[in-house]
Amino acid sequence: MARSRPWLRLDANYMSNPIVRLAGCAAVYPWVLAVLKQTGNEAEDMDLDPRICGMDLGLPVEVVEAQIKSMQKHGLLIRGEDGFWRDPAWNEHQIDPRMAGVTRSQPRQSANR
């Protein structure tokens, strides 16, 4: 039996988001959101490794590093006190479609392990 894939809500107009535009991170933004989805909005440094993102997207590592750092600088990606990277607006645009009280059948998994 195949494992169900998590869905990711991505606004088709994300590139016109003023913060995404100012951060200049439109190339890696969807990839970062996908990683955050896989990790339950609790990504470790290894999960957001620019080398892996570069391989996945066919971008130079330097470009990926710059865009991820810019996401951090502009508040699109923040590190919590527990050391996990999170999207601070996650609950605004990643609404869980399951009925209230339904729990996850799979525990949190790393995106890159």
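Scroll up to find the structure.
Every value quoted in this text rests on a predicted model; they were computed, and no experiment measured them.

Chemist: Looking at this model, I keep getting lost on the overall build of the chain. Mind explaining?
Modeler: From N to C terminus, the chain includes five helices and two strands. N-terminal to C-terminal, the α/β element order of the chain is α-α-α-α-β-β-α. Within the chain, the proportion of its 113 residues that are buried is 31%. Only carbon and sulfur atoms are counted for the fraction: they give 54% of the accessible area of the chain, which is about 7500 Å².

Chemist: Would you take a moment to explain the pattern of salt bridges for this structure?
Modeler: Note on pairing: side chains with opposite charge can pair once their charged atoms come close. Applying the stated rule across the entire model yields four salt bridges. The partner of Arg86 in a salt bridge is Glu42, and the shortest N-O contact between them spans 3.2 Å. Taken as a pair, Arg86 in strand β2 (residues 85-86) and Glu42 in the loop between α2 (29-38) and α3 (50-57) lie far apart in primary sequence, 44 residues in all. In this structure, the salt-bridge partner of Arg51 is Asp49, at a minimum N-O distance of 2.6 Å. By relative accessible area, Asp49 is classed as buried at 12%. Sharing partners across several salt bridges, the network here consists of Glu42, Asp82 and Arg86.

About the thresholds
- Residues numbered from 1 in each chain as written.
- Predicted model: local features only at pLDDT ≥ 70, side-chain atom pairs only at ≥ 80, totals over all residues.
- Heavy atoms only, no water.
- Helix = DSSP H or I, 4+ residues; strand = E, 2+ residues; numbered from the N terminus.
- Buried < 20%, exposed > 50% of the residue type's maximum accessible area, 1.4 Å probe, protein only.
- Areas by Shrake-Rupley, 256 points an atom, 1.4 Å probe, with all protein chains shown as cover.
- Salt bridge = Lys/Arg side-chain N within 4 Å of Asp/Glu carboxyl O.

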